[in-house]
Amino acid sequence: MSVKRLLTKIKRYNPDSNVEIIIDAYDFARKAHRGVKRKSGEPYIFHPFEVAKILVEYKMDDYSIAAGMLHDVVEDTSYDLGTISARFGPTVSLLVDGLTKIASKHFNSKTQARAENFRKLILSTAKDPRVIIIKLADRLHNMQTIYYINNEKKQVQIASETLEIYAPIAHRLGMNLIKVELENRSFQILNGAKFYEIASKLRFLYPEREKILMQITDRLKREFKKQKVKTRMKYRTKHYYSIYKKLQKGKEFGEIYDLFGIRIITENYEDCYRVLGVINKYFTVISGRYKDFIIKPKPNGYQSIHTTIIYENRYIEFQIRTEKMDRIAERGIAAHWNYKELSQQKPIDKFWGEFKHVLEWAMDEGDFQKFLRYLKLEFIEDRIYVSTPAGDVKELPVRATIIDFAYYVHTELGNHCIGGKVNGKMSSIDTQLQNGDIVEVVTSENQKPKIDWLEFVVTSRARSSIKKWIKENETEFVVRGKAMFDETIKAFEEKYHQKLMVSDIKSQLTNWGLKDMENLYEDIGTGVFTKNRMLEYLRQAFVQRKKQKKKTSKKPAADDYDDNLISKVIVEGIDSSQLRFAKCCMPVEGDEIVGFVTYNHKISIHKKSCKTIQRYIKNDERIVYAYWDRDKLVKKISVEFEIRAEDRYGIKNDILKKLVKINQEFGDLEIKKRKGGMIFAKINLLISNINAIEDVVNAISGIEGILEVKPKSKFI
Ligand code: MN
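Residues numbered from 1 in each chain as written. Predicted model: local features only at pLDDT ≥ 70, side-chain atom pairs only at ≥ 80, totals over all residues. Heavy atoms only, no water.

Draft legend 1. Seen up close, the overall build of the protein. Helix and strand counts for the protein come out as 30 helices and 21 strands. Put simply, the protein has 716 residues, and 49% of those count as buried. Within the protein, contacts between residues at least 6 apart in sequence are counted, and of these 65% link residues at least 24 apart. Only carbon and sulfur atoms are counted for the fraction: they give 50% of the accessible area of the protein, which is about 36,500 Å². (Helix = DSSP H or I, 4+ residues; strand = E, 2+ residues; numbered from the N terminus. Buried < 20%, exposed > 50% of the residue type's maximum accessible area, 1.4 Å probe, protein only. Contact = heavy atoms within 4.5 Å. Areas by Shrake-Rupley, 256 points an atom, 1.4 Å probe, with all protein chains shown as cover.)

As structure tokens, then:
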């Protein structure tokens, strides 16, 4: 698309557009990036231009589009912000500044750079929401072109960051179109096998389902015509990543209610309910699946009626909404930012205010990993609805406790909370609430917020309030913390006969998720950072080196294999000294793994299939993303397996399903001959180690009708 066509498109939704600034921004960016090529081989300007195109799709204003064109100029070329400001004015300059990373020379580590840059992005976003909208467009185009990056590790890193940070933000801002694409593209990179499995299953089901959807819409159309209700209907399929999440929660494919659905878009509010009436009259509606998000919009502004019917033994979900609701459902905050609607900013104020609060609370965490966890909890997790005895309904994340609820009702109520009556029954403050509970908070004059509460509260609002109270009321914490710190250092020096300087400690602060020394004293003083934990941190940071030097002259101990292997595991933002293999499942190279945050704040690495952590995986609690550093892994080799089996219907499918289940990568299953009711087949598998061969043989042998499985090539 040429610049000219872009301008025509803009004029269509914004006739008053100041095209000069956009043309000028394009020319300026083109010159600034001249001579530089992207990984794809295209001139660099393609990228900012594509970002601007995405912003036009979202019908954004001139400043945003210009800033989209210019977003990489200050970071990547010799031009500075002053030049941008002088030429394009303060608004564009503010937006570009928000999108410019701080030069890496200012940081000691990548983790610190990542955290600080993200902080900067959020602070700029708080000044002008358009910053994050442009950033999302930027990220979207980077994901669209990620395959040009010829480094799998880098791809994985970008994809997991997208999934952890940007998709949740897009979700919270209601920018569903971007969210879905970001999730699907990240998912494809992070778990290609599952991605294609889901894709092919959907493709398989679709023709049959389409027939059903047509029958239903035909029926509805007739009825709508009679009642003179004008609608637009489209079929929709649940997106791959959200299907994956449902499957992760233990659901079967067939149990997912909203796999296929019909979206009905009406001309006005009243018609939504007329449409609902027709559906209720002519189809079998499943009780408990009806949700009215028109009366009670989601926190991201989403409005729609959801209801599910059962038709020919299939679940079909309806989403009913008006044109305007549909625009907001797909574009979220960007729809509010539409030029035409810019004048009426009232609704966006409230919406934006809440978003900012959540960010600020989460920011309060200091530790970047924690920040991400809270972001996810607040933005992505399912919500429950809990009410006061007076019927005032509060929306909370799942696993919210009485104390979380109390803080949602009122800060003072939280500060003095000693428990609550849940549906009339007295319960302790850490009781987790369920959807529909009626909660009466019980208070006492003498109660004060406690440090321990931070262990079980899940909302950042409660955390932030508790911390704030403690900070304000107990100023001596820093002083006390400093004294305890001095004692700990003394204890360390005596125990390990090693002197520590303040500069040594300072060099470790970011690794420990702390900002500065005062921050450290405070954490010690408030008990967040216990003396023992600090001793352990110090030991890891300063004794390890010494030990390793000694070790080289000794015989290798059993632990050395672990040490060596654990260095191949990556958990973003965590030093490998904090990682351990779990003793329960002992992952080996190439296993699908996850990290589990233990009580002493280390991360233990489990097999994804490990029984002990399934409960946590299910709730996505204390789980962090972990993966193997592929550069350091042994290359997998292709091994051919021969299979002899009964020639029964479906056996081929059973074998492939089993291989998918044990996460084994495979090629085609080829049936070489059929004879006497038997088949002889071969399949190539990518094998990483000797254990995997055994696993494959065991897994396939367990299938009904299998007579023999053997690896053909010799391994090692
Ligand atoms: Mn960019």
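Draft legend 2. Region of interest: helix H7 (residues 110-127). In this model, H7 (18 residues) spans 26 Å end to end at C-alpha, consistent with the 26 Å of a helix rising 1.5 Å per residue. Within the sequence span of H7, burial applies to Gln112, Ala113, Arg114, Ala115, Asn117, Phe118, Arg119, Leu121, Ile122, Ser124 and Thr125. (Expected span 1.5 Å × (residues − 1).)

Draft legend 3. Geometry of the coordination of the manganese ion. Bound to the manganese ion on the protein side are His47 (NE2), His71 (NE2), Asp72 (OD) and Asp138 (OD), at distances that span 2.2 to 2.5 Å. When the donor residues of the manganese ion are listed from N- to C-terminus, their spacing reads H-x23-H-D-x65-D. Taken together, the residues His71 in the loop between helix H4 (62-70) and helix H5 (73-76) and Asp138 in helix H8 (residues 130-144) connect sequence positions 67 residues apart. Here His71 falls in the buried class, since its relative accessible area comes to 1%. (Donors = N, O, S within 2.8 Å, 3.2 Å for Na, K, Ca; no water.)

Draft legend 4. Summary view of the packing of aromatic side chains. According to the stated counting rule, one finds 15 aromatic pairs in the structure shown. Of note, Arg461 hangs over the ring of Tyr408, and the distance from its end group to the ring centre comes to 4.1 Å. The cationic tip of Lys673 hangs over the ring face of Phe680; the distance from NZ or CZ to the ring centre is 5.1 Å. (Phe/Tyr/Trp six-rings, centres within 6.5 Å; stacked < 30°, edge-to-face > 60°. Lys NZ or Arg CZ within 6 Å of the ring centre and 35° of its normal.)

Draft legend 5. Quick peek at the pattern of salt bridges. A full pass over the atoms with the stated rule returns 34 salt bridges. In this structure, Glu50 and Lys53 form a salt bridge, with 3.3 Å as the shortest nitrogen-oxygen distance. Of this pair, Glu50 and Lys53 both sit in helix H3 (residues 46-57), 3 residues apart, which is roughly one turn of that helix. Taking relative accessible area as the criterion, Glu50 reaches 22% and is therefore assigned partly exposed. Here Arg539 ties to Glu536 by a salt bridge, and the two come within 2.9 Å at their closest N and O atoms. Of the two residues, Arg539 and Glu536 both sit in helix H25 (residues 531-542), 3 residues apart, roughly one turn of that helix. (Salt bridge = Lys/Arg side-chain N within 4 Å of Asp/Glu carboxyl O.)

Draft legend 6. Quick peek at the sheet that holds strand E15 (residues 603-607). Taken in spatial order, the 4 strands of this open sheet run E13-E15-E14-E16, and their pairing is mixed. In this open sheet, the two edge strands, each paired with only one partner strand, are strand E13 (579-581) and strand E16 (623-625). Averaged over all neighbouring strand pairs, the angle between strand axes comes to 40°, with direction disregarded. (Pairing = 2+ DSSP bridges. Axes fitted to C-alpha atoms, helices over the stretch in contact; angles between N-to-C directions.)

Draft legend 7. Broad picture of the packing of H3 against H4. At a minimum axis separation of 7 Å, H3 and H4 run at an interaxial angle of 160°. With respect to each other, H3 and H4 are oriented roughly antiparallel. For the crossing formed where H3 meets H4, the hand is right-handed. Every residue of H4 that contacts H3 at Pro48, Phe49, Val51, Ala52, Leu55 and Val56 is listed here: Ser64, Ile65, Gly68 and Met69. A breakdown of the residues in the contact of H3 with H4 according to their chemical character gives 8 nonpolar, 2 polar and no charged. (Parallel < 35°, antiparallel > 145°, perpendicular 65-115°, else oblique. Left-handed = near helix turned anticlockwise from the far one by under 90°. Nonpolar A, V, L, I, M, F, W, Y, C, P; charged D, E, K, R; others polar.)

Draft legend 8. Representation of unusual backbone geometry in the model. One non-glycine residue with positive phi stands out, namely Lys59, at about 55°. For Lys59, the location among the structural elements is in the loop between H3 and H4. With a phi angle near 75°, Arg399 is a residue other than glycine that sits in the positive phi range. Here Arg399 lies in the loop between strand E8 (393-397) and helix H18 (402-409).

Draft legend 9. Looking closely at the confidence of the model for the protein. For the protein, per-residue confidence averages 82 on the pLDDT scale, and residues scoring 70 or more make up 88% of the total. Of all secondary-structure elements in the protein, the lowest mean pLDDT belongs to helix H26 (residues 544-551), at 48, while H4 reaches the highest, 95. Per-residue pLDDT stays below 50 along residues 341-345; that stretch engages in 7 contacts with residues further than four places along the chain or on separate chains. Segment residues 547-561: pLDDT under 50, and 2 contacts once partners within four positions in sequence are set aside and those in other chains are kept. (pLDDT = per-residue confidence, 0-100.)

Draft legend 10. A look at the sheet that holds strand E10 (residues 425-427). With respect to topology, 3 strands assemble into an open sheet ordered E10-E9-E11, the strand pairing being antiparallel. The outermost strands of the open sheet, each flanked by one partner alone, are E10 and strand E11 (439-443). In this sheet, adjacent strand axes meet at a mean angle of 30° when their direction is disregarded. Summarising the sheet, strand E9 (residues 417-422) and E10 pair through 3 bridges and their orientation is antiparallel. Across the sheet, the residue bridging to Lys421 is Met426, located in E10. Contacts from H18 reach E9, E10 and E11, with the element oriented near 100° to E9.

Draft legend 11. A look at the pairing of strand E14 (residues 593-597). Where burial is concerned, most of E14 is hidden: 5 out of the 5 residues are buried. Of the two faces of E14, the one lined by Ile593, Gly595 and Val597 and the one lined by Val594 and Phe596 are each fully buried. Taken together, the 5 bridges between E14 and E15 define a ladder with antiparallel strand orientation. By the bridge assignment, Val594 is partnered in E15 with His606. Two elements, E14 and E16, share 3 bridges in a ladder whose sense is antiparallel. Paired with Phe596 across the strands is Ile623, a residue of E16.

Draft legend 12. Looking closely at the nonpolar core. Counting residues in each nonpolar core, the largest one holds 66 residues, and the members touching the most others are Leu70, Ile84, Val92 and Met175. Setting aside chain neighbours within four positions, we find Met175 in contact with Tyr58, Ile133, Leu136, Ala170, Glu330, Arg331, Gly332, Ile333 and Ala334. Formed by 33 residues, the second largest nonpolar core is a distinct cluster that contains Leu213, Phe260, Val278 and Phe283. (Core = buried A, V, L, I, M, F, W, Y, C linked by side-chain atoms within 4.5 Å.)

Draft legend 13. Structural view of the side chain of Ser387. As for its placement among the helices and strands, Ser387 is situated in strand E7 (residues 383-387). Dropping the residues within four chain positions of it, Ser387 is found in contact with Asp392, Val393, Phe405, Asp437, Ile438 and Val439.

Draft legend 14. Region of interest: a positive patch on the surface. Residues Lys39, Lys101, Lys110 and Lys154 make up a contiguous surface patch of positive charge. Relative to the elements of secondary structure, Lys39 occurs in the loop between helix H2 (19-32) and H3. (Patch = residues over 30% accessible without salt bridge, like charges linked within 9 Å, V, L, I, M, F, W, Y side chains within 5 Å. Lys, Arg positive; Asp, Glu negative; His and termini not counted. Charge placed at Lys NZ, Arg CZ, Asp CG, Glu CD.)

Draft legend 15. Inspection of the packing of helix H6 (residues 81-99) against H8 at higher detail. Where H6 meets H8, the closest approach of the two axes is 9 Å, and the angle between their N-to-C directions is 55°. Taken together, H6 and H8 sit at an angle that is classed as oblique. For H6 against H8, the interelement crossing comes out right-handed. Contacts from Thr91, Leu95, Gly98 and Leu99 of H6 reach H8 at Arg130, Val131, Ile134 and Lys135. Across the contact of H6 with H8, the residue classes break down as 4 nonpolar, 2 polar and 2 charged.

Draft legend 16. Here's a closer look at the environment of Ile279. Here Ile279 lies in helix H13 (residues 269-282). Along the chain, Ile279 and Phe318 lie 39 residues apart, while their C-alpha atoms are 9.0 Å from each other. Ile279 has contacts with Leu220, Ile264, Val285, Thr307, Ile309, Phe318 and Ile320, leaving out every residue within four places of it along the chain.

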